[in-house]
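Each chain is listed here by its residues.
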Amino acid sequence: MAKTNTTELLEALAAEIGENVYIDIAKWHLYLSDAKLHTLVAEQVYPLITASKAVEEEEVIQVLQSIPVKIGGGRRELPLIDLLPLQCQVNLVDILEKYQQDM
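To keep things clear, this report deals only with the structure shown in the data block.

Each value, and the rule that gives it
- Residues numbered from 1 in each chain as written.
- Predicted model: local features only at pLDDT ≥ 70, side-chain atom pairs only at ≥ 80, totals over all residues.
- Heavy atoms only, no water.
- Patch = residues over 30% accessible without salt bridge, like charges linked within 9 Å, V, L, I, M, F, W, Y side chains within 5 Å.
- Areas by Shrake-Rupley, 256 points an atom, 1.4 Å probe, with all protein chains shown as cover.
- Salt bridge = Lys/Arg side-chain N within 4 Å of Asp/Glu carboxyl O.
- Lys, Arg positive; Asp, Glu negative; His and termini not counted.
- Charge placed at Lys NZ, Arg CZ, Asp CG, Glu CD.
- Helix = DSSP H or I, 4+ residues; strand = E, 2+ residues; numbered from the N terminus.
- Axes fitted to C-alpha atoms, helices over the stretch in contact; angles between N-to-C directions.
- Parallel < 35°, antiparallel > 145°, perpendicular 65-115°, else oblique.
- Left-handed = near helix turned anticlockwise from the far one by under 90°.
- Contact = heavy atoms within 4.5 Å.
- Nonpolar A, V, L, I, M, F, W, Y, C, P; charged D, E, K, R; others polar.
- Buried < 20%, exposed > 50% of the residue type's maximum accessible area, 1.4 Å probe, protein only.
- Expected span 1.5 Å × (residues − 1).

With that out of the way, let us pick up a negative patch on the surface. There is a patch of like negative charges on the surface, built from E56, E57, E58, E59, D94 and E97. Elements that contribute at least two residues to the negative patch include exactly α3 (57–65) and α4 (86–102). Of all the elements, α3 adds the most residues to the negative patch, at three residues. Of note, E59 is situated in helix α3.

Below you can see the structure in the form of structure tokens.
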């Protein structure tokens, strides 16, 4: 991979997140790219892969808790972490670890 341009890295990271991480609502899978959340998530987790030697799952969870998702036409907001199945959280951490190793 060896992307030196931050913009390219963020775009690639957002694309991979968007294709592999989804929101689960009543057993329907809405991928983050379809929900238009992949770029926001990538921008929020990017510092985790540049700031330390290892991606900590707890830090990823904190980021996901800080991202509000509007539901019901904006009548309510839920933290993104509440909408992701556990496997998607694990997938996200794996993606971040892969990108960190390739940097």
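Packing of helix α1 (residues 6–20) against helix α2 (residues 38–51) leaves a shortest axis separation of 8 Å and a crossing angle of 120°. Judged on the interaxial angle alone, α2 and α1 are oblique. The two elements α1 and α2 cross, and the hand of that crossing is right-handed. For the pair formed by α1 and α2, the contact residues are T6, L9, L10, L13, A14, A15, I17 and G18 on the first element and H38, T39, V41, A42, E43, V45, Y46 and I49 on the second. Residues belonging to the contact of α1 with α2 are distributed by class as follows: eleven nonpolar, four polar and one charged.

Running from amino to carboxyl end, α1 crosses α4 at an angle of 155°, the nearest separation of the two axes being 10 Å. Taken together, α1 and α4 sit at an angle that is classed as roughly antiparallel. You can see that α1 and α4 cross each other, and the crossing is right-handed. Of α4, the residues touching α1 (which contributes L9, A12, L13, E16, I17 and N20) are C88, N91, L92, I95, L96, K98 and Y99.

Let us now look at the environment of Y99. Inspection of the secondary structure assignment puts Y99 in helix α4. By relative accessible area, which is 3% here, Y99 ends up buried. Residues Y99 and L78, 21 residues apart in the sequence, show an inter-C-alpha distance of 28 Å.

Here we take up α1. The α-helix advances 3.6 residues per turn, and as a result positions three or four apart in sequence lie on the same side. For α1, which comprises 15 residues, the first-to-last C-alpha distance of 21 Å matches the rise-based estimate of 21 Å (1.5 Å per residue) to within 8%. Within the sequence span of α1, burial applies to L9, A12, L13, A14, E16, I17 and G18. Buried residues belonging to α1 abut β2 (28–31), α2 and α4.

Oppositely charged side chains can pair when the atoms bearing their charge come close. Within this structure, the stated rule accounts for one salt bridge. The closest approach of N and O atoms between K98 and E16, which form a salt bridge, is 3.0 Å. Of this pair, K98 sits in helix α4 while E16 sits in helix α1, and the two are 82 residues apart along the sequence.

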